[in-house]
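Notes for the structure review
Next come the chains, spelled out residue by residue.
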Amino acid sequence: MSYKILNTRAPRVDAVDKVTGKAQYTDDLSRPGTLRCAILHSPIAHGRILNIDTSRAEKLPGVKAVVTGKDAGDIRYGVSPARYDETILCTDKVRYVGDEVAAVAAVDLDTALEAVSLIAVDYDELPPVLDGSKAMDEEQPQIHEKYKRNICAEVHWKFGEVDSVEKLADHVRTDTLTSKMQDAAFLEPQSILAEFDNTGRLTMYSSTQAPHYIQRTLAMALKIPVEKVRVIKPAVGGGFGPKASCSTAELVTSLLAMKTGRPVKMTFDREQVFLHSRARHQFWHTMTTGVKKDGTLLFLKHRCVLDGGAYASFGIATVYYAGSMLGGPYRLKHMNYDGYRVVTNKPACGAQRGHGAVIARACFETQLDMIAEEIGMDPVELRLKNVMEAGETTCNELYMSSLGMRECIEAVRDKSKWTQSWRKKDEIKKILGSLPSSPSPPSTGGGDKKARGIGVACGFFVSGAGYPIYRSQTYHATVVTRVSETGGFAIVESGAADIGQGSDTVLAMITAEVLGIPLSDVKVISGDSDLSVDLGAYSSRTTLMAGHACKEAAEDCREQILGAVANRLGVDRDDLYIEDALVKSRKGRLDFSPIREQFTLEHRGFTDIPDEEALTFREAARIAFMEKGSIVGTGKYKPPKLGGSFKGATVGTSPAFGCSAQIAEVEVDLETGEVTVLRVTGAHDCGFAINRTQVEGQMQGSISMGMGEALMEEVIYDSCGNIVNSNLAEYKIPTALDMPSLHSIIVETHEPHGPFGAKEVGEGAIMPTIPAILNAIRQATGVKITELPASPERIVMELEKLKQP
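What you see is a predicted model; the values in this text were computed from it and never measured.

On to the overall build of the chain, then. Within the chain, the regular secondary structure consists of 20 helices and 26 strands. In terms of overall dimensions, the chain is globule-like: its C-alpha atoms have a radius of gyration of 28 Å, near the 28 Å expected for 805 residues. If one aligns the C-alpha atoms of the chain with their principal axes, the spans along those axes are about 95 × 70 × 55 Å. Within the chain, buried positions represent 62% of all 805 residues. In the chain, the proportion of contacts linking residues at least 24 apart, taken out of those at least 6 apart, comes to 80%. Approximately 30,100 Å² of the chain is accessible, and the part contributed by carbon and sulfur atoms is 49%. Of the side chains in the chain, 91 bear a positive and 104 a negative charge, and the two mean positions are spaced by 2 Å.

Below, the structure is given as structure tokens:
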């Protein structure tokens, strides 16, 4: 089927505002009489609060309010109702360096910060737990009373008959991979402006990914009826997951606005972004995989420990995702998984792009390459042999309604001109033996001091979580579309959160396509909890779920308009359609003179009277208004019943799954361990590309983020639990100078549950990046990376080991 708007490279609807600086972010907003908020953070990782003295702060000129845990109350909140473990401000204990103890509202930021410095807190310092791999040990201090042995959540799954088939395997190997906590490094820090009016209504502007969930948390924690809370998302400068849950800043600014009766504003500095975190967990994965000698996958035994920091946040879902997303995209009938999400005295971790599944995928895909080498099989062929097809179901009951995994693998193989020439270990030893015993500065020449390698990997991810975070039968997305009474344009109202991924553009394109009008005649108003229900921008859900509701709303409007035209002209509605903003008939020329005459009479003196040889959308919509009143269409989306019968079956369910394959080419300096990623070829099955440029952009952004996590990103803590690199100078992320040549291939398989066949691309595309790079490093050097990031220092240490006889 051909489309006028969809599957094109239409410019983003917010592009002009963003490139000209007109876009309004939360920190750009101001209200008369706005106060500034500052938060007092704990200086210790673990301790009891003995006393808080705010008297000096309260006396400081310009201070309007000071609140502590006593004022905020002890209502517990969090992400999952089963693991509510946070309070607005600490009431009895602090659990990490940065935990929020008190907050101040003052006439300006300098005064607020000075007031915070005047608050005196007495602590009874307790020994901290800083090593997640040891947090479950019996002798470790207890961080929360409710989490025995510091285990926040655990999963124990058995699918198939691993014990029975293990003895049938011709080849078995066990591998480990450890990562570090990471930061999302979005450009815009969290920013909030809260107002509380004289009717008792709270309005918050926030750089959030999920206005709906923030609205609910504010209402619950602050004891306000949910209908009296409105959350508005202005333009957002990136989210990637950590902005998907309610923060202390959102709660204390609201509390202070309620207390003072004035608007209160706060914007995190970069250190506070790191302290709030809610980003990537630290993982310890151990996997044992067995295969037949022909490469057929037989079983997987998987154990994982996740360091989630001080509070649960999204962690109960994270530990499930770490296991469930290994059910595909390969045929794997037998899988055991034991996962433990532990708490430590570090900032809480949450959801970050590819929630829970990224490091697990890296461990599994690197292991597949080592198995392929050991059984003498091409890694690409090993994957093609085991890949699932559409219509199949994983061992953990995830149904692949569409799956272009094979097409993705073949596309990157062909586009990259895949050649697999494994460098022999003895050849590497020979090269290493000729090098100096200690690393020297990076060389600029070629030759054997640098080695090149190529690696492949795959992955898949959900197109929206199958269930809301709280237990409810709620619709996941609703959309209201109104055609203007003048007939000239359509307004789409959605609660969906455009956080930079381009969802407003997707909704506008769907509406324009359905109504048959130009994209410029559609206006999207989004990210406002008063407009409609939308669960937020997480789990790659917006295109499929909000897009589905948007399509339905536009179709509703179209039917009302064409019905009114058919009624006025006395023709069959089914004969009419809209194309190029003109109403046309499938039975030839349409006599619409009565409508044109009425429209002309109504607009005497106007210079833009239609003179087309067909009835215009503008005229048709105006006639519909004259007959029916305001033309308002509504749309909704709720996934069908999903999931199996086992405990935790709902996590990982989705109406659809996207998938990716990537081939990375690298160059490694054998003296210094420095890795240069030369080229990444990626293919992603997005079902149907609503906007081709945006699909490619999401693929390229995922590769950039995955490359950073593979090679350089690491939140570093000292022995007291302080973050020592809480800034973007010392927390390294890839820049434009680091980026390789990127080749993005769009694979379209038409997802039956998605609007026009579309499904996710925002998170699935990060899955193969880390393992593809690690596999390329190993192919170049023989070095097996067991700890991320694969920094030059770690690579040099492993190269030194290869020198040993």
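There's more to say after this.
Here the focus is the packing of helix α15 (residues 542-569) against helix α16 (residues 593-602). Where α15 meets α16, the axes come as close as 9 Å, and the angle between the chain directions of the two elements is 105°. Put simply, α15 runs roughly perpendicular to α16. Mapping the contact onto sequence places Val 565, Arg 568 and Leu 569 in α15 and Pro 594, Ile 595 and Gln 598 in α16. When the residues that make up the contact of α15 with α16 are grouped by side-chain class, the tally is four nonpolar, one polar and one charged.

The final tally for this structure, using the stated rule, is 51 salt bridges. For Glu 365, the salt bridge is made with Arg 383, and the minimal N-O distance between the two is 2.9 Å. One end of the pair, Glu 365, is in helix α10 (residues 358-374); the other, Arg 383, is in helix α11 (residues 379-386), and 18 residues separate them in sequence. Using a relative accessible area of 1% as the deciding quantity, one classes Arg 383 as buried. Overlapping salt bridges bring together Arg 173, Asp 175, Glu 374 and Lys 784 as one network.

Cut-off values and rules
Residues numbered from 1 in each chain as written. Predicted model: local features only at pLDDT ≥ 70, side-chain atom pairs only at ≥ 80, totals over all residues. Heavy atoms only, no water. Helix = DSSP H or I, 4+ residues; strand = E, 2+ residues; numbered from the N terminus. Rg over C-alpha atoms; globule rule 2.2 N^0.38 Å. Buried < 20%, exposed > 50% of the residue type's maximum accessible area, 1.4 Å probe, protein only. Contact = heavy atoms within 4.5 Å. Areas by Shrake-Rupley, 256 points an atom, 1.4 Å probe, with all protein chains shown as cover. Lys, Arg positive; Asp, Glu negative; His and termini not counted. Charge placed at Lys NZ, Arg CZ, Asp CG, Glu CD. Axes fitted to C-alpha atoms, helices over the stretch in contact; angles between N-to-C directions. Parallel < 35°, antiparallel > 145°, perpendicular 65-115°, else oblique. Nonpolar A, V, L, I, M, F, W, Y, C, P; charged D, E, K, R; others polar. Salt bridge = Lys/Arg side-chain N within 4 Å of Asp/Glu carboxyl O.

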